[in-house]
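# Residue-level structure breakdown
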There are 2 protein chains.
Amino acid sequence: MSGGFPTLLPMTQQRSIDDLRAEVDQINRDLLALISRRGEVVAQIGHAKSAEGRPNHYDPAREEQQLKELEKINPGPFPTATVKGIFKEIFRASLALEESNDKKQLLV
Amino acid sequence: MSGGFPTLLPMTQQRSIDDLRAEVDQINRDLLALISRRGEVVAQIGHAKSAEGRPNHYDPAREEQQLKELEKINPGPFPTATVKGIFKEIFRASLALEESNDKKQLLV
């Protein structure tokens, strides 16, 4: 690859790799902001449940409900199994955060 | 728990669990839209790289660059290791999608 401009490609359809990567970087930042916000809201749910005397964070029925809704609206290109895998990772992260918050409260 | 309203909690600070869950559901939908858009843009990068004669999709240096940027701007509450775990799952999904697209092209 000489590094020259790919003049054989139709310019109207083809965005540069740098341009596409800049969009991915922006999406990453937006994803991180949303994932972080989600972590905060889930922590608030944990506090509200504790206040109601429901200290258990793991709620498989609620997770299943979220996964079913995502399955219904999945626009692609990822297969639903892949989408579920990503969200299960997010669920796991939230649960770990809740458990870490519990430990901190026990130490106070 | 009687199911009654938690009147002992300050209403100005405490949102209901239903309300908080509705926000989580909205965040899930936004996350799915962003993850799906990211998949499409990464597929476009794959096409552009193929057009330049660079067919390999796995690019550890590019992944490392994205993870470093995310580490820099991580606002919490998730530890950076957790954020990286979630994004690695997203990277894996994108790579699987690219490889599946390659196979489809070979079959055409």
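Note that the coordinates shown come from a computational prediction; the quantities given were computed from them, not determined experimentally.

## Quick notes on the relation of the copies chain A and chain B
- Superposing chain A onto chain B requires a rotation of 180° together with a translation of 0.0 Å along the rotation axis, leaving an RMSD of 0.0 Å. This pairing of chains is accounted for by a two-fold axis.
- With an isologous cut-off of 70% or more, the 100% of interface residues of chain A that recur at the interface of chain B puts this contact in the isologous class.

## What to know about the interface of chain A and chain B
- With 53 residues of chain A in contact, the opposing surface of chain B contributes 53 residues.
- Of the roughly 5300 Å² buried at the junction of chain A and chain B (both faces included), carbon and sulfur atoms supply 73%.
- Of all residues in chain A, Arg21(A), Leu32(A) and Phe78(A) give up the largest surface area on contact with chain B, accounting jointly for 12% of the area buried on that side.
- On inspection of chain A and its partner chain B, the count reaches eight salt bridges.
- Its salt-bridge partner being Arg37(B), residue Glu23(A) comes within 2.6 Å of it at the nearest N-O pair.
- Applying the counting criterion to the chain A and chain B interface returns 16 residue pairs in polar contact (both at pLDDT 80 or more).

## Digging into the packing of helix α1 (residues 17-51) of chain A against helix α3 (residues 80-107) of chain A
All names here are of chain A.
- Axis separation between α1 and α3 bottoms out at 10 Å; the angle between their running directions is 50°. Relative to α3, α1 is oriented oblique. Like other packed secondary-structure pairs, α1 and α3 cross with a definite hand, here right-handed. Contacts from Ile35, Arg38, Gly39, Val42, Ala43, Gly46 and His47 of α1 reach α3 at Ile90, Phe91, Ser94, Leu97, Glu98, Asn101 and Gln105.

## Quick look at unusual backbone geometry
- A cis geometry characterises the amide bond from Gly76(A) onward to Pro77(A), with omega recorded as 10°.
- Relative to the helices and strands, Pro77(A) resides in the loop between α2 (60-73) and α3.

Calculation notes
- Residues numbered from 1 in each chain as written.
- Chains lettered and ligands numbered in written order.
- Predicted model: local features only at pLDDT ≥ 70, side-chain atom pairs only at ≥ 80, totals over all residues.
- Heavy atoms only, no water.
- Least-squares fit on C-alpha atoms with pLDDT ≥ 70 in both.
- Contact = heavy atoms within 4.5 Å.
- Buried area = accessible area lost by both parts, 1.4 Å probe.
- Salt bridge = Lys/Arg side-chain N within 4 Å of Asp/Glu carboxyl O.
- Polar contact = N/O pair within 3.5 Å; in protein donor to acceptor, adjacent residues only side chain to side chain.
- Axes fitted to C-alpha atoms, helices over the stretch in contact; angles between N-to-C directions.
- Helix = DSSP H or I, 4+ residues; strand = E, 2+ residues; numbered from the N terminus.
- Parallel < 35°, antiparallel > 145°, perpendicular 65-115°, else oblique.
- Left-handed = near helix turned anticlockwise from the far one by under 90°.

Note that all results are geometric; they support no functional claim without further evidence.
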